[in-house]
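# Inside the fold
In case you want the letters, here they are:
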Amino acid sequence: MTTSPRTLMRVHFHLPGPDPVLYEQLLDVLTGITPQVEAHPADFSADADLTGALRYWGTDPAGLVDVLRLRALALYGVLTSSGTGPNRTIAAMAAALTPPGAATIVGNTPYDIAAFLRPRHVAALPGIGPTTARTLSRLGITTVGELADAPLPALQRILGAAPARQAHDRARGIDDRPITPGAAPRSLTLSHRFHADELDTDQHHRTLLGLTERLGAALRQDQQITQALSLTVTYADRTHTTRTRTLPEATAHTPVLAALARDLLASLGLQRARVRALAVRADRLQSAEHAVHQLTLDDQDDRLRRLETVLDRVRSRYAPGIIGSAAAHRRAS
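Given the structure is predicted, the values throughout are model-derived calculations rather than measurements.

Calculation criteria
Residues numbered from 1 in each chain as written. Predicted model: local features only at pLDDT ≥ 70, side-chain atom pairs only at ≥ 80, totals over all residues. Heavy atoms only, no water. Helix = DSSP H or I, 4+ residues; strand = E, 2+ residues; numbered from the N terminus. Buried < 20%, exposed > 50% of the residue type's maximum accessible area, 1.4 Å probe, protein only. Contact = heavy atoms within 4.5 Å. Areas by Shrake-Rupley, 256 points an atom, 1.4 Å probe, with all protein chains shown as cover. Pairing = 2+ DSSP bridges. Axes fitted to C-alpha atoms, helices over the stretch in contact; angles between N-to-C directions. Phe/Tyr/Trp six-rings, centres within 6.5 Å; stacked < 30°, edge-to-face > 60°. Salt bridge = Lys/Arg side-chain N within 4 Å of Asp/Glu carboxyl O. Parallel < 35°, antiparallel > 145°, perpendicular 65-115°, else oblique. Left-handed = near helix turned anticlockwise from the far one by under 90°. Nonpolar A, V, L, I, M, F, W, Y, C, P; charged D, E, K, R; others polar. Expected span 1.5 Å × (residues − 1).

Looking now at the overall build of the protein. Regarding its fold elements, the protein presents twelve helices and ten strands. Taking all 333 residues of the protein together, 46% fall into the buried category. The contacts in the protein between residues at least 6 apart in sequence include a share of 67% that link residues at least 24 apart. A total accessible area of about 17,100 Å² is found for the protein, and carbon and sulfur atoms account for 54% of it.

Put into structure tokens, the structure is as follows:
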């Protein structure tokens with residue numbers, strides 16, 4: 001019995017602004033085409049396995065992409081950009097280089113896969129962040145094809161055993177990760193898109209601090225706490241990197257969220273990176289009534305929490321951006 005080659009899709013929904021409700025409605029449109037959908041709320045995208053749906057609908061990948069594009073536009077006025085390919089890596093890369101309203105279809109043959117992958121810059125490969133790309137560039141590896149041709153033992157000495165094998169496999173078009181269907185995890189996302197690609201790392205930090213302040217205030221207003229925080233950085237070429245870390249204890253306390261967000265940003269090494277957008281996501285939300293706060297002998301944290309409560313009252317009475325950390329705002333020149 002012959003197994004049909006997989007056809008996977010990555011779709012980006014180009015929402016007019018952060019709108020989790022609209023995103024959920026768009027996910028419903030996608031699951032009406034195929035039930036094999038995995039949501040990515042951090043950047044309002046999703047992965048979908050189209051293999052079975054192609055047989056059901058009696059069409060090709062381009063036909064199903066058109067169905068989704070037309071339904072999202074007709075029902076909600078939202079543009080999509082999609083990429084399809086034989087695995088998640090190729091579908092994600094194809095979608096990343098596709099403008100809104102269009103699609104990039106990569107075939108399943110070894111020639112199609114190599115023709116798509118090998119000319120791409122190594123930084124376009126999911127999992128290769130700016131720091132790793134610079135390290136590989138110093139060794140003369142600037143394209144995905146050069147990474148695929150590099151000796152694995154040499155890469156393992158540079159990147160570590162597991163990251164090197166993953167990067168090497170994906171550069172050769174090997175990625176067996178399945179789509180894991182399920183509802184979008186309970187989360188809250190805030191994002192900021194710069195007016196122009198932003199190179200200033202100080203501005204990255206100021207923007208991130210402003211986002212975490214708003215995120216903490218929104219969680220406290222909804223009486224929610226978060227168990228994990230994710231940071232997504234979108235670059236000038238529309239590729240993105242996401243880092244997630246679990247908190248020691250679930251919280252909505254802004255200083256804790258801000259400290260973790262700074263650590264996530266520092267781990268990406270964004271010196272000279274052209275950043276288009278930042279997004280922070282609070283994951284695995286639960287009711288604040290379940291919060292457990294570890295007491296310390298220092299009352300500084302308790303004073304900060306009391307101050308936070310006062311500031312929340314000011315924000316609720318006036319405008320949300322009326323007050324906040326001075327570090328979150330650009331100094332006047």
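After that view of the structure, there is still more to cover.
Glancing now at the pairing of strand 7 (residues 224–235). The element strand 7 is extensively covered by neighbouring structure, given that eleven of its twelve residues are classed as buried. Two elements, strand 7 and strand 10 (residues 286–287), share two bridges in a ladder whose sense is antiparallel. The residue of strand 10 that forms the bridge with Gln 224 is Ser 287. In textbook terms, the turn of a hairpin is the stretch between consecutive antiparallel strands, and for strand 7 and strand 8 (residues 240–251) this stretch comprises four residues, one of which, Arg 238, has a positive phi near 75°. Bridging between strand 7 and strand 9 (residues 275–283) involves eight bridges; their strand directions are antiparallel. Counted as the bridge partner of Tyr 235 is Val 275 from strand 9.

Once that is clear, we can look at the sheet that holds strand 2 (residues 37–40). Hydrogen bonding along the main chain pairs the strands of a sheet, whether they run parallel or antiparallel. If you walk across this open sheet you meet the five strands as 2-3-1-4-5, and the pairing is mixed. The open sheet has two edge strands with one neighbour each: strand 2 and strand 5 (103–105). Mean inter-strand twist for the sheet, computed between neighbouring axes without regard to direction, equals 15°. Where strand 1 (residues 8–14) and strand 4 (residues 79–85) come together, seven bridges link them in antiparallel fashion. Considered in strand 4, the bridge of Arg 10 is made with Gly 83. Against the sheet, helix 1 (residues 20–31) engages strand 1, strand 2 and strand 3 (45–49), with an angle of about 160° to strand 2. Set on the sheet, helix 4 (residues 88–96) makes contact with strand 1, strand 2, strand 3, strand 4 and strand 5; between it and strand 4 the angle comes to about 145°.

A few words on the packing of aromatic side chains. For the structure shown, the criterion picks out three aromatic pairs. Both rings, one in Tyr 23 and one in Phe 44, keep their centres 5.4 Å apart while their planes meet at 70°; by these two values the pair is edge-to-face. Taken together, the positions of Tyr 23 in helix 1 and Phe 44 in the loop between strand 2 and strand 3 put the pair 21 residues apart, joining distant regions of the chain. Given a relative accessible area of 2%, Tyr 23 falls into the buried group. When the centroid spacing of 6.3 Å and the interplanar angle of 75° are considered together, the rings of Tyr 56 and Trp 57 count as edge-to-face.

As for its placement among the helices and strands, Ser 45 is situated in strand 3. On the basis of relative accessibility, which here comes to 1%, the residue Ser 45 falls in the buried class. Setting aside anything within four residues of it in sequence, one finds Ser 45 in contact with Arg 10, Val 11, His 12, Tyr 23, Ala 39 and His 40.

On to unusual backbone geometry. Of note in this structure, Gln 223 is not a glycine but carries a positive phi near 55°. Positionally, Gln 223 belongs in the loop between helix 10 (201–221) and strand 7. What makes Gln 223 exposed here is its relative accessible area of 57%.

Counted by the stated rule, this structure contains eleven salt bridges. Linking Asp 169 and Arg 172 is a salt bridge whose minimum nitrogen-to-oxygen distance equals 2.8 Å. Here Arg 281 makes a salt bridge to Asp 283, at a shortest N to O gap of 2.4 Å. A network of salt bridges, in which partner residues are shared, links Arg 10, Glu 38, Asp 47 and Arg 88.

A separate point is the packing of helix 4 against helix 5 (residues 110–117). Each pair of packed helices can be described by the angle between their axes along with the distance between the axes. Running from amino to carboxyl end, helix 4 crosses helix 5 at an angle of 50°, the nearest separation of the two axes being 11 Å. Taken as axis vectors, helix 4 and helix 5 run oblique relative to one another. Crossing of helix 4 over helix 5 shows left-handed handedness. Where helix 4 approaches helix 5, its residues Ile 90, Met 93 and Ala 94 are matched on the opposing element by Ile 113, Phe 116 and Leu 117. Across the contact of helix 4 with helix 5, the residue classes break down as six nonpolar, no polar and no charged.

With that out of the way, let us pick up helix 3 (residues 61–76). Structurally, the α-helix is built with 3.6 residues per turn, so residues lying three or four positions apart point the same way. Taking 1.5 Å per residue as the helical rise, helix 3 with its 16 residues ought to reach 22 Å, and the 22 Å between its terminal C-alpha atoms agrees with that figure. Along helix 3, the positions that sit buried rather than exposed are Pro 61, Gly 63, Leu 64, Val 65, Leu 68 and Ala 72. The inward-facing, buried residues of helix 3 abut strand 1, helix 1, helix 2 (51–57), strand 4 and strand 5. Looking one or two residues past helix 3, Gly 77 carries a phi angle of roughly 65°, positive in sign.

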